[in-house]
Structures are given as C-alpha cells and as structure tokens.
Amino acid sequence: MAENQNKTVETVLAKVDLVELISETTPLEKKGKNHFGLCPFHHEKTPSFSVNEEKQLYHCFSCKASGNAITYVKETKNVSSAEALKILAERVNVEINQDHFQSPKQKYYDINQEALNFYKVTLNHTKAGADALAYLEKRKITKQLIDYFEIGLAPQKPDALYQALQKKEILLSDMVDLGLVREDDTVYDIFKNRIMFPLHDATGNIIGFSGRIFNSDAKLAKYMNTQTTPVFEKNKVLYNYHRAQKAIAEANTVVVFEGFMDVIAAHQAGVKASVAVMGTALTKSHIQLLKQKTNRVILCFDGDQAGIDATRKFMKDFEAAQFEVKVVELPEGLDPDDYIQKYGPRAFQKQIKEALSSREFVYKQHKAQVDLERITDIEHFKKRIFDMIAPLSNVEKNHFLALLSSDLNMSLELLEQDFNETKRKHLPTFKKVPKVEITDKFKKAERGFIRYFLKDEYYVRKFRAEFEAAMFGDKNAREIELEILEYYSFNKHTCMVPELFMSKLNATLQAYFKRYVLEENYPFDEKEFEDYLRVMREQNKRNEIESLQRKLESAKTLNEKIELKKAIDQLNKEAKHGQRKNYSRIN
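Okay, so let's go over this structure. Note that this is a predicted model, so its numbers are computed, not measured. (Residues numbered from 1 in each chain as written. Predicted model: local features only at pLDDT ≥ 70, side-chain atom pairs only at ≥ 80, totals over all residues. Heavy atoms only, no water.)

1. Quick notes on the overall build of the protein
Phase 1 of the analysis: A count of helices and strands for the protein gives 26 helices and 16 strands.
Phase 2 of the analysis: Here the C-alpha atoms of the protein give a radius of gyration of 33 Å, more than 25% beyond the 25 Å that 2.2 N^0.38 yields for 587 residues.
Phase 3 of the analysis: Overall, the C-alpha framework of the protein stretches about 115 × 80 × 45 Å when taken along its three principal axes.
Phase 4 of the analysis: When contacts within the protein are restricted to residue pairs at least 6 apart in sequence, those whose partners lie at least 24 apart make up 64%. (Helix = DSSP H or I, 4+ residues; strand = E, 2+ residues; numbered from the N terminus. Rg over C-alpha atoms; globule rule 2.2 N^0.38 Å. Contact = heavy atoms within 4.5 Å.)

2. Topic: the nonpolar core
Phase 1 of the analysis: One finds Tyr119, Ile151, Leu180, Tyr239 and Phe348 to be the most contacted residues of the largest nonpolar core, which totals 64 residues.
Phase 2 of the analysis: It is helix α5 (residues 106-125) that contributes the most residues to this core, 8 residues altogether.
Phase 3 of the analysis: In this structure tyrosine 239 touches Phe149, Phe197, Pro198, Leu199, Phe260, Val263, Ile264, Ser274, Val275, Ala276 and Met278, once residues within four positions along its chain are discounted.
Phase 4 of the analysis: Within the second largest apolar cluster, 38 residues are counted, among which are Ile450, Phe453, Tyr459 and Tyr487. (Core = buried A, V, L, I, M, F, W, Y, C linked by side-chain atoms within 4.5 Å. Buried < 20%, exposed > 50% of the residue type's maximum accessible area, 1.4 Å probe, protein only.)

3. Points about empty space enclosed by the protein
Phase 1 of the analysis: Enumeration according to the criterion identifies 5 cavities of 30 Å³ or more in this entry.
Phase 2 of the analysis: Around the largest cavity, the lining comprises 17 residues; the ones closest to its centre are His200, Asp201, Ala202, Val237 and Leu238.
Phase 3 of the analysis: The set of elements that each furnish at least two residues to the lining of the largest cavity consists of β9 (194-200) and α10 (241-251).
Phase 4 of the analysis: When its residues are assigned to classes, the lining of the largest cavity shows 9 nonpolar, 4 polar and 4 charged.
Phase 5 of the analysis: One number sums up the size of the second largest cavity: a volume of about 100 Å³.
Phase 6 of the analysis: Lining the second largest cavity are 14 residues; nearest its centre among them are Cys39, His42, His43, Lys291 and Ala321.
Phase 7 of the analysis: In terms of residue count, the dominant contributor to the lining of the second largest cavity is helix α12 (residues 284-291) (4 residues).
Phase 8 of the analysis: Among the residues making up the lining of the second largest cavity, the classes are represented as 7 nonpolar, 4 polar and 3 charged. (1 Å grid on protein atoms, 1.4 Å probe; cavity = no way out; pocket = protein on both sides within 12 Å on 5 of 7 lines; lining within 4 Å. Points joined across faces, edges and corners; volume = space filled by probe spheres on them. Nonpolar A, V, L, I, M, F, W, Y, C, P; charged D, E, K, R; others polar.)

4. Thoughts on the packing of helix α21 (residues 457-466) against helix α25 (residues 526-554)
Each packed pair of helices is defined by two parameters, the angle between the axes and the distance between the axes.
Phase 1 of the analysis: Their axes nearest at 11 Å, the elements α21 and α25 cross at an angle of 30°. As far as their axial angle goes, α25 and α21 are roughly parallel. Like other packed secondary-structure pairs, α21 and α25 cross with a definite hand, here right-handed. On the side of α21, the interface is formed by Tyr458, Tyr459, Lys462, Phe463 and Glu466, while α25 contributes Glu526, Phe529, Glu530, Leu533, Met536 and Arg537.
Phase 2 of the analysis: Per-class residue counts for the contact of α21 with α25 are 6 nonpolar, no polar and 5 charged. (Axes fitted to C-alpha atoms, helices over the stretch in contact; angles between N-to-C directions. Parallel < 35°, antiparallel > 145°, perpendicular 65-115°, else oblique. Left-handed = near helix turned anticlockwise from the far one by under 90°.)

Taken by themselves, the reported measurements are silent on function.
Structure representation (structure tokens):
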C-alpha cells in the first residue's frame, strides 16, 4: 500500500507545474534558472521567494518556507497533506485511491458531521427548536437559508449531544478533543440552548462550531466558538469561505464582514462572494486563503467607532499584503444586516458597487474630525491629506485637491501652491559630488565577481575550480565573498536576490555593496567573466612574484638565489603573454 501511495504522489507531482500553480496567486518573474516573487507566506516588499522550475521546489530566503506543490497547497489552503494531494490530483486529472489517502483527521470531521446532524434535527424537528426558528424568522432568515447554511440548534438539556453521539459508539475522548463535551464529575455538552453555525475548512470539512444565544440572557456571551482542537484554529478560519470560493474567483473580489449574520444577509441580498472573520483579527492564514482567489477586497464592517477602527486595521494589513482595498461606509449605528433589513438588497448592492477606495475612506475620516471654524484644524487636515497624496499619480492628486478645495471653500490654486511648497520642503539636499575615485583593475574584478556570484552558483563553482583557496584582496569584498560562499555551501544550484542579500550584511558592508556592486539590470556577459578570471590570474602571479622576491632577499646561498630569480623571470614572462582583452563595464 505504501508503494502505491508513493507512486501516486510521484505521478501527481510530476504532472503539476509548480510555477503555474503559484503564479495563479503570486506573480513570479524568471531570473536565471529560478522564478522570483513576493513570498505568499509573509508580508514583504522585496522579493525573496524563489521557485525552481527544474526541481519543482520553492524556497523563501527570508522566512525559510520551502517545499513542493503538496506543501504549498497544504500551507496556503490550511488542509492536510492528503487533502492537498487530492486537490492537486483533481487539477491534473489523476485518479487516486481515497482509502490510501484518507486524512488522519477524517474521524474528527465525521464526528463533527454527526454533531451537526443532531443540531439540525433539534432545530427543525423538535419542540425545543420552535423558539429558535421563530427568532431566525424574525431576523429574516428563511427556511431556504437555514438549509443552505446548515444552521442547527444545541438544546437546553445538559448532555443531549453526548447521549446522541454515545449511541453512535463515538468515544468520549474524541468528543472531548473536539470541544463538544466536557468531563468533570459528570459529562455535559459545551454548547447549550444556542443556535449553531457549522465552521468549515477550505475543502468543506466541518472543523468546529459557533453558537449564538437567541434569548435575552445578558449573562451569557453572544457567541461561543469551538476551542482549539486537532482540526480547528479560529485564527485560520474564514466563515463561508468554502462556499464563496467560486463566487470570489468569478468576481475577482471578496467582501469581508465581521459576523455570520452579515454574511447570511449579504448572501440573501445577492452578494455571494462574502466571508466573515468571526470577530477575530486578520491573520496571515486569512490572507493566504483569500490570495488563492483574488487580490481585491471590500471591507464591510459596522458603522460604529469599533467598526471604523477595525476597518482601518484590516485596511492596513490587506494593503501590506498587496491587496486593492475598498470600504463600504455604513450609516452610524447600523451593521450590514441591519442596513439590508432597513434599506433592502438593491440599496446594499449599490453600497458594495460604490465602495470607497481606501484613500477616499481615509479622507472622509480625517474630514469628519475637522472643525471648519478653527484654522489649526484646517491646517492639520491639509497636512494629513498632502502627506497621503504625495506618492499618488497626478490624476489622483488633482482629485483630492479638488475635494479639499470644495470642502474647505478654498481656491484650488492656493491649495496647489501650498501642496507644492510642502513638497519642496521635503526635497532632499545633495552634497557636492566627491572626486571620482580611481580604482585599480583588481578591485574592479573583485566587485565584478560578486555580481556574477550572486547571479548564479555556476560562477562560484567556475571560480573555485581554478582558484580553490583564493581570497579577494579588498577587505570588504573578501568578507562579502565569504558570506556568498557560506550561503552556497548550503544552497546548491541556485541564485540570490541582491537586495535581500545586502539586507543581511552589516552597515559597513551594506554601504560598500550599495556603492560598488548593486546595479539594476546589469548586462551580464560570459566574456566579461572570463576577463575577470584573467585579471585574477594576473593578481595571483603578482602575489606569487612578491612572495618569491621576499624569499630572494632573505636567501643565503647563491644557488638558492639563482633558482628564485629564474622562477620570478618565468612568472614575469607568463604575465606579459597573458594580456587581457577588456570587456569590463565597470567604471
């Protein structure tokens, strides 16, 4: 069986194009043998994520994430290895024996499914469910929505679920592990007298529950979630993601809400590409899930101050992850569900369609804090907006300057003058250009070698094959050379991102690297590299001649002096015949 499993894994991995798979969510650019892009596993501005097309492996030089296609799907979709293999097998049309690749977590999924079946029966077919159904009907949640979102009810009886699962011969220890029951002096259910919302992973497995009170008992928390279990971590789950994936991909946009009721109301209002963070902070796992389908997000949170604060935080996190962010600005005191109930689906769809850009949202937030009777407020408002629009295109700058002109009842010409004056104050001042330093050809060659070494390990191997123990003469170049050699000793047949490599150096070496090595779009040429090799040979001969001359000066016998003089003459003769053709582009 193990042999069959390995063959299946090998077949799937052989058919999957890892570059194509990753490129669907993370843009990659080919550089040498590898493809590079921003790492999908952490926030970064400089690409440090490398994909080797030949080996079908990825590696991040910054956060050290690495693996193959199965690992990538497992980590980005938050699924097991078996589930990742199943996803990839479907992608490349390979049939797999499900019995061989059943997830070790499958028993937990099955138990949660049994619990959900119990909750659904309790809601729809018992006397205890009548009040909960009346509450849901009052919230405009129809029978169709109840069935679609698989809503259930945990009854008031302390051990009702435990008794039901025990009849299914489910182990008490598994119920406890899944956070369904607790065992103290007696065994009792965790969720009681709550409307139950099942929580799923990206592939649709039930991994946990969230229970909501539906009476007026103020002593209880409104929502209670499953504790952390072998299959559930709250900060990795987006409510409704497994259902919304197709709609998100088709719209190339996802609408993010705070709670279940908002998602359900939005779905009923025709906004299908909807997920909720379940009242938790936005995490790296959430971003990875969404990046599988889109890089455009609309935030739709409550219209109160807490909702505004959450919007600002989420907006910052999404923009750091290279998302295009828009914001729905709801009237104060209304959450999305309330808004839909009050104004209807069409009005809500219009809100989604006309969502503000993140900068428009920030502008309106700053404007709301301004007292137009106070000159200091006006000046602070102007400064905040000037700072915000400084890096934007001229079209966007003009748009916000026109808004400022209208809101402040101030001429556009005066605002443009103030803005341009602000820009001039922030212009950098430059010192006189120092005299051009004259660098000998040996230092130029050492700096050239560093460029080629960073481009590909091939050049390191070629250099070391001829100059096994040679070290650069310039101290800074030598220290950088050693850093490169140490890296390649652990990472064969690859290349490095110069900017990332530089960031790992100390301040002195960074300054040297930036001044003498770093050059965008450098035109590499094999002839130039060969030219550097000739210079290195010449340098070695010079060093050898100097060493022999020192020995000559201290030689004590005539024969010893004659032999040393012959060796020096031979080396001088070889150096004269080894004249180089200069292909170097170093100034």
